[in-house]
Amino acid sequence: MQINEIAEKQFDWVERMGWHNKTVLEALALVASEVGEAVNECRGEAPTQEFGTELADIILRVADLAHWQGIDLSAMIAAKMELNEARGTRGRRI
Ligand SMILES: [Mg+2]
């Protein structure tokens, strides 16, 4: 499944559940809460089996927000990767 399809599907599900936020800041806070959950899965010597689930939660929250805001996440990711590539090492050694 492509990222924009994931975003639309996630947005539709969250909408059906009645869980959408009123503000972008609230939605971003929930992204941050998922990052915190991912951090908690890394407190031992190695990430737990739930670590991947929390990474997925982060992506799903971001995809939902992007779809809500009319952002073509697939195009944005591709454009940003191109920009990053063009920037080179920015003075850092490889
Ligand atoms: Mg989570």
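**Student:** Lay out the packing of helix 1 (residues 3-17) against helix 3 (residues 51-68) with the relevant residues and their values.
**Tutor:** Relative orientation of the contacting elements helix 1 and helix 3 amounts to 85°, with a least axis distance of 8 Å. Classed by the angle they form, the pair helix 1 and helix 3 counts as roughly perpendicular. Judged by residue contacts, Ile 3, Ile 6, Ala 7, Glu 8, Gln 10, Phe 11 and Val 14 of helix 1 engage Leu 60, Ala 63, Asp 64, Ala 66, His 67 and Trp 68 from helix 3.

**Student:** Help me get a handle on the environment of Val 35, residues and values and all.
**Tutor:** Position of Val 35 relative to the elements: it lies in helix 2 (residues 24-40). We classify Val 35 as partly exposed; it has 15 C-beta atoms within 10 Å. Distance in space between the C-alpha atoms of Val 35 and Leu 55 is 7.7 Å, their sequence separation being 20 residues.

**Student:** Let's hear about the environment of Glu 50: which residues, and what values?
**Tutor:** Inspection of the secondary structure assignment puts Glu 50 in the loop between helix 2 and helix 3. Exposure remark for Glu 50: the 13 C-beta atoms within 10 Å place this residue in the partly exposed category. When the C-alpha positions of Glu 50 and Gln 69 are compared, they lie 29 Å apart, and in sequence the two are 19 residues distant.

**Student:** Give a detailed account of helix 3, specifying residues and quantitative values.
**Tutor:** Helix length check: helix 3, at 18 residues, gives a terminal C-alpha distance of 26 Å against a target of 26 Å (1.5 Å per residue), a fit within 8%. Considered for burial, the residues of helix 3 that qualify are Arg 61, Val 62, Ala 63, Asp 64, Leu 65, Ala 66 and His 67. At its buried positions, helix 3 is contacted by helix 1, helix 2 and helix 4 (73-87). In the segment just after helix 3, Gly 70 is the residue with positive phi, at about 70°.

**Student:** Could you give an account of the nonpolar core, with specific residues and numbers?
**Tutor:** Ranked by size, the top nonpolar core spans five residues in total: Ala 7, Val 62, Ala 63, Leu 65 and Ala 66. The element best represented in this core is helix 3, accounting for four residues.

So, how was this worked out
Residues numbered from 1 in each chain as written. Predicted model: local features only at pLDDT ≥ 70, side-chain atom pairs only at ≥ 80, totals over all residues. Axes fitted to C-alpha atoms, helices over the stretch in contact; angles between N-to-C directions. Helix = DSSP H or I, 4+ residues; strand = E, 2+ residues; numbered from the N terminus. Parallel < 35°, antiparallel > 145°, perpendicular 65-115°, else oblique. Contact = placed C-beta atoms within 7 Å. Buried ≥ 20, exposed ≤ 12 C-beta atoms within 10 Å, placed from the backbone. Expected span 1.5 Å × (residues − 1). Core = buried A, V, L, I, M, F, W, Y, C linked by C-beta atoms within 7 Å.

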